[in-house]
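If you want the building blocks of each chain, they are given just below.
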2 protein chains.
Amino acid sequence: MEYTVNFKSHGKSVAVEEGKTILDAAALASIAVESNCGAAGTCGKCKVHVVEGFDPKAERIGTKFFTEDEMNDGWVLACKYEVHQDLTVEVPIQKDAFSRKTKLNSLLDNITINSPIKKVYLELEKPSINDQCPDFERIIRALDLDITKQKPTRGLLAVIPKTLRDHQFRITAVVNDDQLMWIEGGDTSSQKYGMVFDIGTTTVVCLLINLDTGEIEGAAAETNPQNVFGADVISRINYVISKQDTGEGLAQCHEKVTTCMNDLAMRAVAEAGVDKTMVYEATVVGNTTMSELFAGVDPSYLAPSPFIPGYVSGVHMTGKELGFDINPESHVYLLPNIAGYVGSDTVGVILGTHIHERPQYSGAIDVGTNGEIVLAGNGRILACSTAAGPAFEGAQIKFGMRAADGAIEAVYIDNEAGTCKVDVIGKKKAKGICGSGILDAIAQLYKNNIIDFRGRFRGDADDIHPALKERMVKTEEGYEFILATAEESVKKRPVVICQKDIGELQLAKGAIYAGFKVLMAEMGITIEDMKEIMIAGAFGSYIKVDSAMAIGLFPELPNGKIISIGNAASEGARLALVSQEERELCAELARKSEYIELSSRPDFQDEYVMAMYLPRS
Amino acid sequence: MEYTVNFKSHGKSVAVEEGKTILDAAALASIAVESNCGAAGTCGKCKVHVVEGFDPKAERIGTKFFTEDEMNDGWVLACKYEVHQDLTVEVPIQKDAFSRKTKLNSLLDNITINSPIKKVYLELEKPSINDQCPDFERIIRALDLDITKQKPTRGLLAVIPKTLRDHQFRITAVVNDDQLMWIEGGDTSSQKYGMVFDIGTTTVVCLLINLDTGEIEGAAAETNPQNVFGADVISRINYVISKQDTGEGLAQCHEKVTTCMNDLAMRAVAEAGVDKTMVYEATVVGNTTMSELFAGVDPSYLAPSPFIPGYVSGVHMTGKELGFDINPESHVYLLPNIAGYVGSDTVGVILGTHIHERPQYSGAIDVGTNGEIVLAGNGRILACSTAAGPAFEGAQIKFGMRAADGAIEAVYIDNEAGTCKVDVIGKKKAKGICGSGILDAIAQLYKNNIIDFRGRFRGDADDIHPALKERMVKTEEGYEFILATAEESVKKRPVVICQKDIGELQLAKGAIYAGFKVLMAEMGITIEDMKEIMIAGAFGSYIKVDSAMAIGLFPELPNGKIISIGNAASEGARLALVSQEERELCAELARKSEYIELSSRPDFQDEYVMAMYLPRS
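As the structure is a computational prediction, the values presented were derived from the model and not from experiment.

Trainee: I'd like a description of the overall build of chain A, backed by residues and values.
Mentor: A tally of regular secondary structure across chain A gives 17 helices and 26 strands. Its C-alpha atoms give chain A a radius of gyration of 26 Å, within 12% of the compact-globule value 25 Å for 617 residues. With the C-alpha coordinates of chain A rotated into their principal frame, the extents come out at 100 × 65 × 45 Å. Taking contacts inside chain A between residues at least 6 apart in sequence as the whole, the part at least 24 apart equals 68%. Carbon together with sulfur atoms contributes 48% to the accessible area of chain A, which is approximately 23600 Å² in total.

Below, the structure is given as structure tokens:
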């Protein structure tokens, strides 16, 4: 038996076999539903609302994630609720993390826009018995291009004859790197677009770029729909490995992300009012696993030592082969990676900051599920990756969530006054806590002596204000601290940060700190030599730098400064899109970068153990 | 209602709507059924045998094409017999014209084989934590190729990781023009193949070529399945035009020919016992219409004056986009055309003969549905096309058929003895007459004074032997001459050549002769300056040169000779396949060739009228 699941919120319906879960159905429909526990029913992220066809008698798993009202009203865990009749489901639409806050940096104002894509309006001579020049060659002749260098595609040749005659031989030629790639009727020479895709493990971002000005004219972001196969790259690789005999896992991952990218592209052009066929080129960045899944290359050999990627070179593709509904002859350039765990997103950071030209020594850290670290100076670029874990993105955190409406993003604790206040995104009641909020909470707890340098709650301390002590609740799994009370919360249950949450963050920050120290050792410098550390990633623009310093996420620089630079990976991809010179530089910088494998460095282990503690001043 | 038509002979079944014809069903199944009258029921070529489901009471059209036994046994015209129940049908398998006789010429024994495809066996170092070089870059490193020049496809990258590990990093790299294009497990370096396709309007030929030796290791040929849309290029263009609003006609023509090409490719590799994935490259020739239909470009603007093709440059494609089941990353190169009616098949003749280097002045004629003529010398290459009509391929001829079993291919008339003897292909009873037979018959009739110089039967002449006069039968449409008597014929009906047949051939030969004279005038030479005329095309190798001279198909050369050179178009495509230098030369020669438009030349009309007469000695 098959039943239909209608995802009302997304305007999509799919038929699934009886007994499949709503999460299965969503996966089939390429609808992103947050899910971080691999469908174990333990993370509670995949809550959806069954508005028609809900069976109140169905077995319920994950009851702790719901209020009684929600339980009765048809809210269920998508990963556990099975389809036994036709259903209509609403998936809560997540506000885009991207559109909220992330801004592109302006470190590089002096880049010359020089897209390889040119558009030229032509009024051609009409053919006659005395001028039988064929259609394609007629255009090349008018463009004064070298006919012997042309490699026209079938797609281009197919549109030429009719377009010429439908428009009385007045057309706009689209030329890519001296190759005619497309023609359009009439004069469209002022409309020339490209796209940047940043495939994060958690979030996929698409930017619509005006190729004449380099400006961003549209943007869209969405949860990476591969999340149904796991929250982090290792889970996704394991999913691919589990289906390696048929290749189905790889095919699913590829299809999910490309479908998502195309959806984002369509949203971006629709919002900007741009003709989708006038998007001629795209650049793509992502970590190495995302890069391979996007390209359809099996990333299985990235997981075990010695962590070998299929390729690191940049890959040229066509929009057509990826199923992108932009210009049919569009080119898509996947930027090069550096190593198995330092991907093209880090290359984007390197290019986006021109770190090789910054005051030396300059460092960059892209804080995400993995923390990639770059250190440049003395003609070298060193890079490494630390398994920071998804804590910074709110995963593995009890009340963790993406930086969306309802997320606590800042915390203010005052032990003198006994107060704890929070800032919530959207100024609404709290639903959870996002990465920057976690960092801030821990910094505040530590500053107010509520946790000690090992990150432990000081449950029996007598120097904590009673009002704050009241917020410190002992549970079976240790203490937790109430950031938002039941009254301040959407769910009417307190939003807390627990002992385990703090431990997760310590692991993450320790890995980054230790990685940085190894790179400095490899470069032969000390902290005194550092001029700056740039914090990249959407996360980097949210956090309070002093909170990050307070917990020791980044080293303090006696002679330098910490700069938050926003999504530098996308910025690098944008540079590579709008400038041929930057694109060439990008490949050069990627090849030049030296990858430092931390797992084979004993000094990393030593630093790591030390770095997990909070800094004692 | 839909019914199933099972084409037993081809192992294919299709469902068609009630009332569709068997020819419709065959078209749907991409099965080539000869049909030259546009499904009018008048050519009788599309005879098929309904072995199951035949309804003896169904209305019968074209009864004259069948014996009574055939009528009762379920033989029908595929274009007229409608499907009103499930049917099982046998389509007579045509012997391949190609495999019977055509041989490649050996004008050019000194071509150096230099395919851009190289294969290199590699035993790679396995990766380790101290050598984390990625898979793709590891191969490039071992090949000592420039990594910055590589443009790997997704398809290549996708096969690398598993192939390396399944074969302990012992693999064979396939390199195309210094680009890694594919890898195979183990040592396969001795197996390297390419293909040549010659898309004739009537017949599609595929040759399997060993890229190391240049030798032909397999071949297959089939009726061009576009024939259901008409026998000649104009009918096919008109078919495309009739469905131009939806583009369906073009799509059908493209799909039919590419499907046919792939079928031929599979037959050729199967017969030669070659692994289909080891076919890495193909070259394709055809006339300009065939070229455009193959590429999927609308040829509609070729038909009306000023006869403008969509392109003439060579087109690079991938086997993948064409649906060819050879190597997934294979390249397909469609050779350049010269003009709307001088296609890449003529370029193939020019390259295949190196006509620019032959003793000057040298001419070449490719005799087919169109007669393309080339004249070279004095640093110039002139080309034109004459609408010779399909007479040379047996179409528009009462008993015309392809050069297959049962076709009369030679005729011997002796007016002294009163005898008429014929050679039949396969030494069987006669079924019809092929192009070379028609030519021979007319030459013999003329030599024996049975027709006059205007091509008219001398019905009332008294100098014809009574036994031959008996063979000259008067009908409503004029005289016809019995070549094979009822007893000598398969169908127990005489096989004849009629007055209209002779007229068709006069038109065809007149056009070719007149075209040749225009080219000589353009070159500023006379017949005395000609050193040779090369007769290309499969047809060219069948005909008796003296018969062709006798009827004036080619000019007599006082100071030169006529040479039959076989399928020089394919030969050119083979040279372009096996030699990079020849491929470059090919594009150069195509650009250099000057197209002479006969329709705008008054001298052509004058010559044409004169040239229709048979030569008086």
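Right, picking up where we left off after that structure.
Trainee: Which residues make up a negative patch on the surface, and what are the values?
Mentor: Residues and elements named next belong to chain A. Together, D177, D178, E581, E584 and E588 make up a negatively charged patch on the protein surface. Relative to the helices and strands, D178 resides in the loop between β7 (170–176) and β8 (179–185). Under the relative-accessibility criterion, D178 is labelled exposed at 52%.

Trainee: I'd love a proper account of the pairing of strand β3 (residues 47–52) of chain B, names of residues and values included.
Mentor: Residues and elements named next belong to chain B. Where β3 lies against strand β4 (residues 75–77), three bridges are found, and the strand directions are antiparallel. By the bridge assignment, V48 is partnered in β4 with V76. Sheet topology note: the β3/strand β5 (residues 87–90) ladder contains three bridges and is antiparallel. Paired with H49 across the bridge in β5 is E90.

Trainee: Could you give an account of the sheet that holds strand β20 (residues 432–433) of chain B, with specific residues and numbers?
Mentor: All names here are of chain B. As summarised here, the arrangement of the three strands in space is β19-β18-β20, forming an open sheet in which the pairing is mixed. Both edges of this open sheet fall to β19 (419–424) and β20, since each of them pairs with a single strand only. Against the sheet, helix α11 (residues 435–447) touches β18 (407–414) and β20, its axis set at about 10 degrees to β18.

Trainee: Which residues make up the packing of helix α6 (residues 233–242) of chain B against helix α8 (residues 288–295) of chain B, and what values go with them?
Mentor: Residue and element names in this part refer to chain B. Between α6 and α8, the least distance of the axes is 10 Å, while the angle of their chain directions is 35 degrees. Our pair here, α6 against α8, has a crossing hand that is left-handed. Together, V233, R236, I237 and V240 of α6 and T289, M290 and L293 of α8 make up the contact between the two elements.

Trainee: I'd like a description of the packing of aromatic side chains, backed by residues and values.
Mentor: Residue and element names in this part refer to chain A. Overall, the coordinates contain 14 aromatic pairs over all chains when judged by the stated rule. Note on F307 and Y341: the rings are 6.2 Å apart at their centroids and 80 degrees apart in plane angle, and the pair reads as edge-to-face. Placement of F307 in the loop between α8 (288–295) and β13 (315–318) and of Y341 in the loop between β14 (331–334) and α9 (344–353) is noted, with a sequence separation of 34 residues between them. Here Y341 falls in the buried class, since its relative accessible area comes to 15%. Seen from their ring centres, F453 and Y613 are 5.4 Å apart, and the 45 degrees between their planes marks the pair as tilted. One end of the pair, F453, is in the loop between α10 (435–447) and α11 (466–471); the other, Y613, is in the segment after α17 (602–611), with 160 residues separating them in the sequence. Using a relative accessible area of 23% as the deciding quantity, one classes F453 as partly exposed. Positioned above the aromatic ring of Y513, the side-chain terminus of K509 is 6.0 Å from the ring centre.

Trainee: I'd love a proper account of the sheet that holds strand β16 (residues 371–377) of chain A, names of residues and values included.
Mentor: All names here are of chain A. Ordered by their spatial adjacency, six strands build an open sheet running β25-β24-β15-β16-β17-β26, and the pairing between neighbours is mixed. Edge positions in the open sheet fall to β25 (561–566) and β26 (594–595), since each of these has one partner strand only. Two elements, strand β17 (residues 380–386) and β26, share two bridges in a ladder whose sense is parallel. Among the inter-strand pairings, A383 is bridged to a residue of β26, identified as Y595. Of the strands in this sheet, β15 (362–367), β16, β17, β24 (532–536) and β25 are in contact with α9, which crosses β16 at around 35 degrees.

Trainee: Describe the pattern of salt bridges, naming the residues involved and giving the relevant values.
Mentor: Tallying each qualifying case throughout the model produces 54 salt bridges over all chains. Where E480 of chain A meets K398 of chain A, a salt bridge forms, and the shortest distance between an N and an O atom there is 3.0 Å. Taken together, the residues E480 of chain A in strand β22 (residues 478–484) and K398 of chain A in the loop between β17 and β18 (407–414) connect sequence positions 82 residues apart. For K398 of chain A, a relative accessible area of 45% puts it in the partly exposed group. One salt bridge connects R458 of chain B with D463 of chain B, and the closest N-O pair in it is separated by 3.1 Å. Among the charged side chains, a salt-bridge network with shared partners connects R380, E522, E594, R601 and D603 of chain A.

Trainee: For the relation of the copies chain A and chain B, give the residues involved together with the corresponding values.
Mentor: Least-squares fitting of chain A to chain B yields an RMSD of 0.1 Å, with the transformation described by 0.0 Å of translation along the axis and a rotation of 180 degrees. The transformation just described matches what one would write down for a two-fold rotation axis. For chain A, the smallest separation between a C-alpha atom and the rotation axis is recorded for E321 of chain A, amounting to 4.8 Å. Same-surface contact between copies: 100% of interface residues of chain A are shared with the interface of chain B.

Trainee: I'd like a rundown of helix α12 (residues 499–523) of chain A, residues and numbers included.
Mentor: Residues and elements named next belong to chain A. If you check α12, its first and last C-alpha atoms are 36 Å apart, about what 25 residues at 1.5 Å a residue would give, namely 36 Å. By the criterion of burial, α12 is predominantly enclosed, with 18 of the 25 residues buried. A positive backbone phi angle near 75 degrees is found at G524, which sits one or two residues after α12.

Trainee: I'd like a description of the pairing of strand β21 (residues 472–475) of chain B, backed by residues and values.
Mentor: All names here are of chain B. In terms of strand pairing, β21 meets strand β22 (residues 478–484) through four bridges, oriented antiparallel. Its bridge partner lying in β22, V473 is registered against E480. Between β21 and β22, which pair antiparallel one after the other, the connecting turn spans two residues.

Trainee: Lay out the nonpolar core in plain terms, naming residues and giving numbers.
Mentor: With 134 residues, the main nonpolar core has I139 and L180 of chain A together with F7, I22, M195 and F294 of chain B as its most contacted residues. Among the elements that line this core, the one with the most residues is helix α7 (residues 248–272) of chain B, at nine residues. Excluding residues within four positions of it along the chain, F294 of chain B makes contact with I199, H254, V257, T258, M261, V284, M317, L322, F324, V332 and L334 of chain B. With 133 residues, the next largest nonpolar core counts F307, V332 and V374 of chain A together with F169 of chain B among its residues.

Trainee: Lay out the interface of chain A and chain B in plain terms, naming residues and giving numbers.
Mentor: Between chain A and chain B, the residue contacts involve 46 residues of the former and 46 residues of the latter. Taken over both partners, the interface formed by chain A and chain B buries close to 3800 Å², and the fraction arising from carbon and sulfur atoms is 63%. The interface formed by chain A and chain B holds two salt bridges in total. The closest approach of N and O atoms between R154 of chain B and E321 of chain A, which form a salt bridge, is 3.3 Å. Summed over the shared surface of chain A and chain B, the result is 18 residue pairs in polar contact (both at pLDDT 80 or more). The set of elements that each furnish at least two residues to the side of chain A that touches chain B consists of α4 (135–143), α5 (154–166) and β13 of chain A.

Trainee: Which residues make up the side chain of S579 of chain B, and what are the values?
Mentor: Residue and element names in this part refer to chain B. Among the structural elements, S579 can be located in the loop between α16 (568–578) and α17 (580–592). In this structure S579 comes out as buried when scored by relative accessible area, which is 2%. Within the structure, S579 has its side chain in polar contact with the backbone nitrogen of E582 (distance 3.0 Å). Contact partners of S579, with chain neighbours within four places excluded, come to I111, T112 and N114.

Trainee: Which residues make up α16 of chain B, and what are the values?
Mentor: When you tally the buried positions in α16 of chain B, you get 11 out of 11 residues, the bulk of the element. Looking at α16 of chain B, one finds that the buried residues are A568, A569, S570, E571, G572, A573, R574, L575, A576, L577 and V578 of chain B.

Trainee: Lay out unusual backbone geometry with the relevant residues and their values.
Mentor: Here S305 of chain B and P306 of chain B are connected by a cis peptide whose omega angle stands at 5 degrees. Cis geometry is adopted by the peptide bond preceding Y361 of chain B, which originates at Q360 of chain B and carries an omega value of 0 degrees. Its place among the elements puts Y361 of chain B in the loop between α10 (344–353) and β15 (362–367). Unlike most non-glycine residues, Q168 of chain A shows phi in positive territory, near 50 degrees. One can find Q168 of chain A in the loop between α5 and β7. Judged by relative accessible area, which is 47%, Q168 of chain A ranks as partly exposed.

Criteria and thresholds
Residues numbered from 1 in each chain as written. Chains lettered and ligands numbered in written order. Predicted model: local features only at pLDDT ≥ 70, side-chain atom pairs only at ≥ 80, totals over all residues. Heavy atoms only, no water. Helix = DSSP H or I, 4+ residues; strand = E, 2+ residues; numbered from the N terminus. Rg over C-alpha atoms; globule rule 2.2 N^0.38 Å. Contact = heavy atoms within 4.5 Å. Areas by Shrake-Rupley, 256 points an atom, 1.4 Å probe, with all protein chains shown as cover. Patch = residues over 30% accessible without salt bridge, like charges linked within 9 Å, V, L, I, M, F, W, Y side chains within 5 Å. Salt bridge = Lys/Arg side-chain N within 4 Å of Asp/Glu carboxyl O. Lys, Arg positive; Asp, Glu negative; His and termini not counted. Charge placed at Lys NZ, Arg CZ, Asp CG, Glu CD. Buried < 20%, exposed > 50% of the residue type's maximum accessible area, 1.4 Å probe, protein only. Pairing = 2+ DSSP bridges. Axes fitted to C-alpha atoms, helices over the stretch in contact; angles between N-to-C directions. Left-handed = near helix turned anticlockwise from the far one by under 90°. Phe/Tyr/Trp six-rings, centres within 6.5 Å; stacked < 30°, edge-to-face > 60°. Lys NZ or Arg CZ within 6 Å of the ring centre and 35° of its normal. Least-squares fit on C-alpha atoms with pLDDT ≥ 70 in both. Expected span 1.5 Å × (residues − 1). Core = buried A, V, L, I, M, F, W, Y, C linked by side-chain atoms within 4.5 Å. Buried area = accessible area lost by both parts, 1.4 Å probe. Polar contact = N/O pair within 3.5 Å; in protein donor to acceptor, adjacent residues only side chain to side chain.

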